[in-house]
Amino acid sequence: MKILYSWLKDFIDIDLTPEELAQKFTELGIEVASVEKKGADFEGVNVAQIIQIENHPDSDHLHLVTLDLGGGKTQRVVCGAPNVAVGQKVPLARVGARLGKNVLGPAKIRGVVSEGMICSSDELGLTNTRARGILVLDENIPLGTDVRSLYGKSDALFDLEITSNRPDLLSHLGVARELSALLNLPVHMPQIKDFPGQGESLRVEVRDEKACPRYSGRLIRGVKNAESPELIKERLSAMGLNPKNALVDVTNYVMFELGQPLHAFDRNEIDGDVIVVRRAENGEKFTLLDGRELTLDENALMIGDQQKATALAGVMGGQNSGIKENTQDIFIESAYFDAPTVNKTSKKYAVSSDSSQRFERGADIGMTETALKRATELFVAACGGTPSEIRDVYPSEYVNPVVRFTPAQINGILGTDIADETLKDIFSRLALHFDASGAEWTFQAPSHRRDLNHRWDLAEEAARFAGFDQIPAGDSRAFVGFSDNPKGVDLLEIFSNKLASLGFFECKNIDFLGEKELAAFGFEPKNAVKIKNAMAKGWDYLRPTLLPSLLKNAEFNQRRGSADLALFEATRTFALAKGFPAETYTVSGVLCGRLTGRPFFQGQADKPDFFFLKGVMQELLKDFDAVSFVPSQNAPVYMHPKICMDVLVNGKKAGVFGALHPLTLKNNGLKAEDALAFELSLKPLEKSFNAQLFRPAKAVAQFPPSLRDLSVLVNKQTSYADIKAILENTPLSVALRFDLMDLYEGEHVPADKKSLTFTLAFSAPDRTLKDKETDDAFNALVQALHEKAGAELR
Amino acid sequence: MTLQEFQNACSEIEREYTDKISSAADLASVEELRVAALGRKGALTELLKNLKDFSIEEKKTAGPAGNALKAALNDALDKKTAALAAREMNETLNRVELDLTLPARPLAAGRRHPLSVAQKRMTDILSKLGFTWAEGPWVEDEKHNFDMLNIPKHHPARDAQDTFFAQTGSPLSMVLRTHTSNVQSRFMEKHKPPIRIMAPGRVFRNDSLDATHSPVFHQIEGLYVDKNVSMADLKRDLSAFMKGLLGDKTEIRFRPSFFPFTEPSAEVDVKCVFCGGKGCNICKGTGWIEMLGSGVVHPNVLKNCGIDPEVYSGYAFGMGVERLAMMMMNINDIRTFYENDLRILNQF
C-alpha cells in the first residue's frame, strides 16, 4: 500500500521526518518496503552561475569558486566537486540556508572561509545516490531563482507491506488511525458536505445477504465528465495511477483515502430501475471491463439489473456498463462483499483489482455510506449533477464480538507487567466500547477492526502500542522431559557422517524429476507422486530415487574440472503405496574417477573399484544385524547387469550397489569409462540397527593362534562365497579365522581352475594349541573343501 | 701396600678416569677408557689384585670401596656411551633434508553439505535447550498444513504461500508442505502438553528459482506448550538460541508482525553481527537483521489440536536455514546450495 505523507496529514497532525515516521511504522509491525522522498526539503537555495575557478592554496582537489548571484553581486565559496566548470548554473546555498534539518553556517575549509556551498542533488535531498559532484541546472534558468520552485513541494511516498490481517490499513485514513493510537493524536475526518437527496435512487434488491450484507448506492443525475482537480490528479499520480477523468478518478481517490472500494455505473446502461445482487447462473457468460470473457458458476456474485449482469461483485465491472466520456447519469455503488466470496471468485477467474484485494481481506462495513457521501461531494464538485437519495440496504447491523478479559490475562500472554492504566489507555484508543470499571474488562472493536476477537488479539495490540521491547526475557523454566530422535533421523546422520569420513561429499538437490528420468531408472509414473501444478517440465514428480540428481551433480562438477567424484545425498524419497504417498529416508552415492587422495609425488591413487564400494557398504552397515550382500539376479536397468549386488536385511531388499550401466553414464553426459553407485533405503534397516544402546564387548584371544597357509585349486566357476561357506561351516574343535591372501589364475594353473590362498589362524580361548590339534583342524578343512568343492591342495 | 696407600690409589683412579670419561669425544675413546680402567690389565683391575694381601679387617673396608669405584666407573662409562650415541644419532637426523612444505597427501575425506552443517548447529543448540526432534510428512494434507493452523480456505494468507499440489490416491487434497509448521498440528494432535519440540526439514513453495528463491528450502520449527507459557518465555529461549548460534554478545529484538498461527506475532531481529548495529550493507544500514518469525500459539490452533487454550498456552517459531547459512557463510545466491559444486562443498 502506497501512503503519501501529505495525504496522511489531512487526517492527523504529525510532525515527523519521513525517517522518523518509517521508524514508527516498523515499531507498529508495518514493514516499510521503501520511502521515496519527493520534492524539495530546503530553503534559501538560489541559482547562481560560476564565473571563475581558482585552485585552493592548500589543497590539490579543492577549488575557490566565484559565482554570479545576479543583480551585480558575487560570492566566493570553497568547492571540492570534480565536475565544477566555469559557466555552469548551479544551486548555491548561502549561510542561513536550510538543507533538510540543517541550517548552513560559515565553514573554514583548509584555512579559507566559505560562506556557502554549491549543492549536489543528494545534499538537496532530491536523490540518495551518493554520487559526487554538484547539481548542474539548465542554463536558461534566470539567476537568483529559488531552486525550490524548480522541484515542487516536499513530500514522501511510503510503500508499506500490509499483512493480510489488517485490511483496515489499506487506506490513508486507516494508517492515520493506527498512528493516532500510537501517538495519542486525534484523527480528523474530512468535513463531508451532505447533499439532501433529490429524486429517487435505483432500488436495490439483495438476493444473497450473506455474500452482500450491506449495499449502499445513489444516482447522480446530469453530470458532465471533466478533468479531476489538481490535488486528485497529483495524489493519484503519486500513487502510481494515471488520472483519467473525474468520474473514474474519484472512485479510486476515495478508495485510497477511506479504504472503501466504489464502483460507478453508467445509469443509461442499466435497464429498469432495480439493482440486483445475485449469484451467477451456472454457465453464465460475462465480459469484464478489460475485455476478458468469463464463463461463471453459481459461486460468483454478480451485480446487475433485472436482465443482465453489469459487474462481478467487488472484483471488476463489466464492459457493458462502464463510465464513458459522455456519461450523464451515474449510479455509485458502495457495498460490503463477503471476503471468502470475493477471494474465491478472484482466484478462480484470476482477476485481481485494488477493489478485490480490499474485499477479500475484509473491508469496513461501517464505511459504505460515508464513502458514498465523500464520493458524491467530489463528483459534484468536479462534474456537477444532482445526487439522489441514498439507498442503503443493511438488514442486520454488524457488530464485533465483545471480548472479556482481565489485565492479568493480557500480561500472562505477554509475560509482561504492563500497568493497568497503560492498558486502559491503549484499549480505550482502539475500542468502539471499552469498559474497565469491573475486575473483568470488556472491549468491543469498531467495524474496521474485525481482527480483534479475543484476548490474544488484544495482547498483541497492548504489546504493539506499549512497545514490543516491554516484553522481558523470562525466567528459566523446568525441563519438560526427554525423548530420543526419531530413528530414521539418527540413521541418516550416522550414514552421512560415515560417508563424509570415507571421502564422500554431501549434495542437496531439488526433489523434482521428470517422466524421462523415471523411465530411465525403472520407475512407473503411476507409482510416483505427481505435482499437479509443476513449475517446469521435467519437474513433474517427487523423486523416488536420488541417483538421477547425483549423476547431474557429477556431470556438473566434471564440466568444472573435477574428474574425481565421490558424492552422496541423504534425504527422503517418495512413492505411492496403494495410492497414498509414502516417504522413505534414502541414502545414495555415486563414485567416479579416482579416489580423492592423489599424492602426485608418490604415484597415482587407486581407482576405486567394485570392492572399494563393497568396503564402503560394509563399513556403513557394520552396526546392523542380519545384513547380507548377494549378487543381483535382476539388476536395475541403470546398473551393470553383472556387477551389482543386493543389500538384504533379514532377506528383504534394502538397496543395491555396484557399477553403473555404461548407457546410464552416457545418457547423463558423464565422461567416465565406469562409475559406481549405491542406493539404500533406511526403512528396512531401522529395526536391525544394533548400536543405539550399549553392547557388551566380545572377549579377545589371550593365547597366540597357530598359523597355517592353505592354497587350493578350485574350478573357475566356484565362487569365493562357496569356499567361505565351507570354511565357516566345517565343524572344528578349535576356533578358526581366515583371510584370503591371494587369488591367482594363469601360468602353472590349469585353464579351468583358479588358485586361492588363505592364511588360517587356529586358536582356543584357554590354551596354546598343540601341533596335532592344528594339523587335525587343517586336514578337516582340506577334506571338506575337497568333498564339497572338488578343491585340490596346491 | 698399606690400606692407606690402597685408598689413595683408588682416589687417584677415580679422579683421573672421571675427568677422562667426561671429556671423551667419541664412542671409541670411551671404549679405550673402559679397557684402560676396567679391562684385564686395567688400572683398577690391577689395583684390586692387592686386596688379597689385606687382613680380614682391612678387606672389610677396602673391598666395598674398590667395588663401589668399579660400579661408579662402569656407570659413568655407560652414561657417556649413551650420551655420545644419542648425539651421533641426532647428527645423523640433522643431516636429513626433507621439504616439509610440499603439499599434504590428500586424504580421501569428504564433507557434509553446508546446509547440513548449519542445520546441525541449530538442532544441537535447540537440543541443549531441551527441544526434542519431531518429524512430519513432506507430502501433507491441507488440513494439517493449513486448516488446523488457522489458515482458512479462501483467505489471502493461504494464497500467499505458493503451494504445490500433489496428485495421489488419497481422498484428501494433498500438498507439498509449505512450512515445517505442519509438525505442530501433527504433534499436538497426538501428544498432550508439556510439549517442547523442534522440527527441521524441507519445505516447498511454487516460487521461481532465482538468487533469493528456491522451490525447495529448509526450515526449523520450534514449539513449546505448557501452562503459562508467554512471549517472555519465547524471548528468553530465542535469545539463548541466537547467542548459541551467533555468539554470546548477540542481542535480539521483537517486532510486531502477522502470522495466522500465532497471536501475538513477532518478527525477531538480531543486532547485525557484521557491524555491531552501526549499519552496513548486510543489514541494509538498519543495524538489525531479520532472522525468524514467532509468536504465541493462536488459541484456535490449540483448540484445533484438542488442547484447551484456557489451560495451556505456547509459543512457536520458524526459521529459514538457507537464510542463516547464506548470511554466515557469505553465499549470496541460494542456488549455490543446490548446485553442489565441489569447490564450494569442500569449504565447509
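A. Expanded view of the interface of chain B and chain A. Each partner contributes to the interface: chain B provides 68 residues, whereas chain A provides 78 residues. Here the side of chain B that touches chain A is composed, by residue class, of 33 nonpolar, 20 polar and 15 charged. Pairing geometry for strand S29 (residues 530-531) of chain A and strand S3 (residues 165-167) of chain B, over 2 bridges, is antiparallel. In the sheet register, A:Ile531 faces S3(B), and the bridge partner there is B:Ala166.

B. Just the environment of A:Leu620, in detail. Mapped onto the fold, A:Leu620 is located in helix H16 (residues 610-620). In contact with A:Leu620, other than residues within four places in its own chain, are A:Phe495 and A:Lys498.

C. Molecular detail of the packing of helix H1 (residues 3-23) of chain B against helix H2 (residues 27-38) of chain B. Residue and element names in this part refer to chain B. Where H1 contacts H2, the two axes come as close as 10 Å, and the packing angle between them is 170°. Looking at the two axes, H1 sits roughly antiparallel to H2. Every residue of H2 that contacts H1 at Ile 13, Tyr 17, Lys 20 and Ile 21 is listed here: Val 30, Leu 33 and Ala 37. The residue makeup of the contact of H1 with H2, split by class, is 6 nonpolar, no polar and 1 charged.

D. Quick look at the domain arrangement of chain A. With domains assigned, chain A is organised as domain 1 (2-38 + 156-183), domain 2 (42-152), domain 3 (203-393), domain 4 (402-465), domain 5 (487-686) and domain 6 (706-793). Computed from C-alpha coordinates alone, the two centres of domain 1 of chain A and domain 6 of chain A are separated by 88 Å.

E. Representation of unusual backbone geometry within the structure. Backbone torsion omega between B:Pro193 and B:Pro194 reads 0°, so that peptide bond is classified as cis. For B:Pro194, the location among the structural elements is in the loop between helix H8 (182-190) and strand S5 (195-204). A cis geometry characterises the amide bond from B:Glu263 onward to B:Pro264, with omega recorded as -5°. Mapped onto the fold, B:Pro264 is located in strand S8 (residues 262-271). The phi dihedral of A:Asn184 falls on the positive side, at around 55°, and the residue is not glycine. Mapped onto the secondary structure, A:Asn184 falls in the loop between helix H4 (172-183) and strand S12 (203-206).

F. Local environment of the sheet that holds S12(A). All names here are of chain A. The sheet built from 5 strands is open, its strands ordered S12-S15-S18-S19-S20 with mixed pairing. Two strands lie at the open edges of the sheet, namely S12 and strand S20 (316-317), each paired on one side alone. In this sheet, strand S19 (residues 309-312) lies alongside strand S18 (residues 301-304) in antiparallel orientation, the contact comprising 3 bridges. Bridging across to S19, Ile 303 finds its partner in Ala 311.

What counts as what
Residues numbered from 1 in each chain as written. Chains lettered and ligands numbered in written order. Predicted model: local features only at pLDDT ≥ 70, side-chain atom pairs only at ≥ 80, totals over all residues. Contact = placed C-beta atoms within 7 Å. Nonpolar A, V, L, I, M, F, W, Y, C, P; charged D, E, K, R; others polar. Pairing = 2+ DSSP bridges. Helix = DSSP H or I, 4+ residues; strand = E, 2+ residues; numbered from the N terminus. Axes fitted to C-alpha atoms, helices over the stretch in contact; angles between N-to-C directions. Parallel < 35°, antiparallel > 145°, perpendicular 65-115°, else oblique. Domains from an automatic or database assignment.

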